[in-house]
Number of protein chains: 2
Amino acid sequence: MPSAPSTNGFADRLHRAIRAVGSPACIGIDPVIEKVPEIERSSDPLDSLMGFSLGVISAAASVVPVVKFQSACYERFGQEGVGILASCIKKAKASGLLVILDAKRGDIGISNEHYAAAIAGMGADAVTVSGYLGLGVVEPFLRAGLGVFVLVRTSNPDGDEIQSQRLADGRTVAEMVADRVAEFGASRRGQSGYSDVGAVVGATKAAEGRELRIRMPSQPFLVPGFGAQGGTLADVQSLSDERGGGVLVTASRSVIYAFTSTNGSWVDEVRHAASAFAQEVRPLAG
Amino acid sequence: MPSAPSTNGFADRLHRAIRAVGSPACIGIDPVIEKVPEIERSSDPLDSLMGFSLGVISAAASVVPVVKFQSACYERFGQEGVGILASCIKKAKASGLLVILDAKRGDIGISNEHYAAAIAGMGADAVTVSGYLGLGVVEPFLRAGLGVFVLVRTSNPDGDEIQSQRLADGRTVAEMVADRVAEFGASRRGQSGYSDVGAVVGATKAAEGRELRIRMPSQPFLVPGFGAQGGTLADVQSLSDERGGGVLVTASRSVIYAFTSTNGSWVDEVRHAASAFAQEVRPLAG
């Protein structure tokens, strides 16, 4: 009998972090230079990117358990942007935050090993992954010690196109992917009962979300679409598990741009918005 | 009537490049440090990565029309790796090669715009994209002037898991994605008749490939899996269009590691292998 795969510890760390803060709130850090507050603006956009990111990290620390960096916003600036991303991840970790890199990666063979090494090397705790190539793509990420959130049901309108297609066996494509995620993640559960293999399930798809939760009882759900995209607390509640938890709710624009100050107190305003958001989703801490 | 989207010129450039060389061969550059020839090895793996990549580019120039860089192999080395990738893309372009970045990207909204800007900014001509979020993900890449190859049917064994699932309407998931690619790409055709929106279709799936070609008559197919992964010339021929073309066949390991020299003549050996490969797939130039 081959030795069963087991947890790399991510699911339990996530569970403990949510418990410690008492809220499953995740701040999405996806900075757009044009929206950076006056005082952080510089003739060098890289300085603006760094200054704004560090401010948001400072606002998020101790207020939420997790931050999620959107890789594209940093990759946009080439190698220097990638350097800033790595620095920001380190800073977030040093501030006691868990870090998800929203990179939607996924490749085959050695290429995938490289992605896993790169992302673990930057210090992230987890990564978003696309499963179109098969669920085997998550293995190198797990081996590198990362948690994985597989794209199952996304919050964008175009997501229906492929994800809502009905299979001959009655399932939608998203439900079929959900079943594979559950199957693949079943043996990777920690003491918390949660799996290191989670799923991305948008808050805007509540009815479908309930069905997906039945199919993925042990998966942490990374839930975008709350707030700015129209998802409500009730929508997210329909995604929670029998313990009333198992979700990590992300908000980005509604928090990171919640300032009017042109001076350094923008960070306090963002902290206030982060705190209000954390409070709002507190009932979903499990 | 809204103005119809039109070509950004990629399809025609690809067509001309294949015609000029007389072969639809594409060398996949996905360097693994451990396999770099003796003379390019350095105590600094970044130097090895750069030296080897430049040697392969030199071997490919004028012998094949296109090279494909595997982004993961460079991202593996963090910001310095990304810098080397950008330098290598510039060098390949300066050597007259078309460049595909195999990055399997795809996100929504502004994030996707960032990826498109980053990849176009590095000077690539085209990119591989995952369509699970909906075909709308390709738009920002097209607007940035890039050709796009959407993952439809991949050559890895796990690819069956999702791509071979049968829909209620009789199509497989891969065929459904193919139909969306054809629909989305129909209005983006150049004077060559080919579309800027292409597809990744593995050489190891010949029978399915014929069906996919019927569904995607105007799509350039980026075809991995030839050689090392077991795909034959006949397999690829089954993917070609009614003009006997429309394919871009990639080979990587079987070419880039085809050397025994420990000195600088490894480049000549790789050039020889690239030339033999280009010759082999010449019947597929269309």
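Note that the structure is predicted; figures quoted are calculated from it, not measured.

Basis of the calculations
- Residues numbered from 1 in each chain as written.
- Chains lettered and ligands numbered in written order.
- Predicted model: local features only at pLDDT ≥ 70, side-chain atom pairs only at ≥ 80, totals over all residues.
- Heavy atoms only, no water.
- pLDDT = per-residue confidence, 0-100.
- Helix = DSSP H or I, 4+ residues; strand = E, 2+ residues; numbered from the N terminus.
- Buried < 20%, exposed > 50% of the residue type's maximum accessible area, 1.4 Å probe, protein only.
- Contact = heavy atoms within 4.5 Å.
- Polar contact = N/O pair within 3.5 Å; in protein donor to acceptor, adjacent residues only side chain to side chain.
- Axes fitted to C-alpha atoms, helices over the stretch in contact; angles between N-to-C directions.
- Parallel < 35°, antiparallel > 145°, perpendicular 65-115°, else oblique.
- Left-handed = near helix turned anticlockwise from the far one by under 90°.
- Nonpolar A, V, L, I, M, F, W, Y, C, P; charged D, E, K, R; others polar.
- Pairing = 2+ DSSP bridges.
- Buried area = accessible area lost by both parts, 1.4 Å probe.
- Salt bridge = Lys/Arg side-chain N within 4 Å of Asp/Glu carboxyl O.
- Core = buried A, V, L, I, M, F, W, Y, C linked by side-chain atoms within 4.5 Å.
- Expected span 1.5 Å × (residues − 1).
- Phe/Tyr/Trp six-rings, centres within 6.5 Å; stacked < 30°, edge-to-face > 60°.

Q: Can you help me understand the confidence of the model for chain A in this one?
A: Detailed conclusions should not be drawn from predicted coordinates in areas where pLDDT is low. With 99% of its residues at a pLDDT of 70 or more, chain A has an overall mean of 95. Two numbers describe this predicted complex: its pTM, 0.96, and its ipTM, 0.95.

Q: Where do I start with the environment of A:Asp30 in this structure?
A: Residues and elements named next belong to chain A. Within the secondary structure, Asp30 sits in the loop between β1 (25–29) and α2 (45–60). According to the relative accessible area criterion, Asp30 is buried, its value standing at 18%. For the pair formed by Asp30 and Ala126, sequence separation is 96 residues and the distance between their alpha carbons is 16 Å. Excluding residues that lie within four positions of it along the chain, Asp30 makes contacts with Gln70, Cys73, Ser252, Ile256 and Tyr257. Side-chain polar atoms of Asp30 contact the side chain of Ser252, separated by 2.2 Å.

Q: Hey, could you run me through the packing of helix α8 (residues 173–185) of chain A against helix α9 (residues 206–215) of chain A in this one?
A: Between two packed helices, what matters for the description is the angle formed by their axes and the separation of those axes. All names here are of chain A. At a minimum axis distance of 9 Å, the contact between α8 and α9 shows a crossing angle of 25°. Between α8 and α9, the interaxial angle falls into the category roughly parallel. Crossing handedness for the pair α8 and α9: right-handed. On the side of α8, the interface is formed by Ala174, Glu175, Ala178, Asp179 and Ala182, while α9 contributes Glu211, Leu212 and Arg215. Class assignment of the residues belonging to the contact of α8 with α9 gives a composition of 4 nonpolar, no polar and 4 charged.

Q: How should I be thinking about the packing of helix α2 (residues 45–60) of chain B against helix α12 (residues 266–280) of chain B in this particular structure?
A: All names here are of chain B. For the pair α2 and α12, interaxial distance at closest approach is 8 Å and the crossing angle is 45°. By the angle between their directions, the pair α2 and α12 is classed as oblique. Regarding α2 and α12, the two cross each other, and that crossing is right-handed. Only Trp266, Val267, Val270, Arg271 and Ala274 of α12 make contact with α2, whose side of the interface consists of Gly51, Phe52, Gly55, Val56, Ser58 and Ala59. Residues that form the contact of α2 with α12 fall into these classes: 7 nonpolar, 3 polar and 1 charged.

Q: Sorry, what's going on with the sheet that holds strand β8 (residues 247–251) of chain B here?
A: In a beta sheet, neighbouring strands are held together by backbone hydrogen bonds and run either parallel or antiparallel to one another. All names here are of chain B. With respect to topology, 8 strands assemble into a closed barrel ordered β1-β2-β3-β4-β5-β6-β7-β8, the strand pairing being parallel. Between one strand axis and the next, the sheet turns through 30° on average, direction left out of account. One ladder, built from 3 bridges, connects strand β3 (residues 98–105) with strand β4 (residues 126–129); its direction is parallel. For Arg105, the partnering residue across the bridge sits in β4 and is Val129. Against the sheet, helix α4 (residues 78–94) makes contact with β2 (66–70) and β3, and its axis sits at roughly 150° relative to β3, the strand it touches most.

Q: Just checking my understanding: could you explain the interface of chain B and chain A for this structure?
A: The parts lose accessible area when they come together, and the size of an interface is often stated as this lost area. Each partner contributes residues to the interface: chain B has 52 residues there, and chain A has 52 residues. Interface area, chain B with chain A, both sides summed: about 4,400 Å², of which 60% is carbon and sulfur. The largest contributions to the chain B side of the interface with chain A come from B:Tyr132, B:Leu133 and B:Ile162, which together make up 18% of the buried area. One can count 6 salt bridges joining chain B with chain A.

Q: Teacher, can you tell me more about the nonpolar core here?
A: Counting residues in each nonpolar core, the largest one holds 202 residues, and the members touching the most others are A:Ile27, A:Phe69, B:Ile27 and B:Phe69. Dropping the residues within four chain positions of it, B:Ile27 is found in contact with B:Val56, B:Ala60, B:Val64, B:Val66, B:Val67, B:Lys68, B:Ala251, B:Val255, B:Ile256, B:Ala274 and B:Phe277.

Q: For this particular structure, what's the right way to read helix α8 (residues 173–185) of chain B?
A: Since the α-helix packs 3.6 residues into each turn, any two residues three or four apart lie on the same face. End to end, α8(B) covers 18 Å across 13 residues, agreeing with the expected 18 Å (1.5 Å per residue, within 8%). With 11 of its 13 residues buried, α8(B) lies for the most part within the structure.

Q: Honestly, the packing of aromatic side chains in this entry has me stumped. Any pointers?
A: The way to describe two aromatic rings as a pair is by their centre distance and the angle between their planes. Residues and elements named next belong to chain A. Following the criterion strictly, the structure yields 13 aromatic pairs over all chains and no others. With 6.0 Å between their ring centres and 70° between their planes, Phe69 and Tyr74 make a pair best called edge-to-face. Of the two residues, Phe69 and Tyr74, neither departs from the other in class, the shared state being buried. The interplanar angle of 65° and the centroid separation of 5.7 Å between the aromatic rings of Phe259 and Trp266 together place this pair among those described as edge-to-face. Comparing Phe259 with Trp266, the two get one shared label, buried. Among the aromatic residues, ring-to-ring pairing joins Phe52, Tyr257, Phe259 and Trp266 into one connected group.

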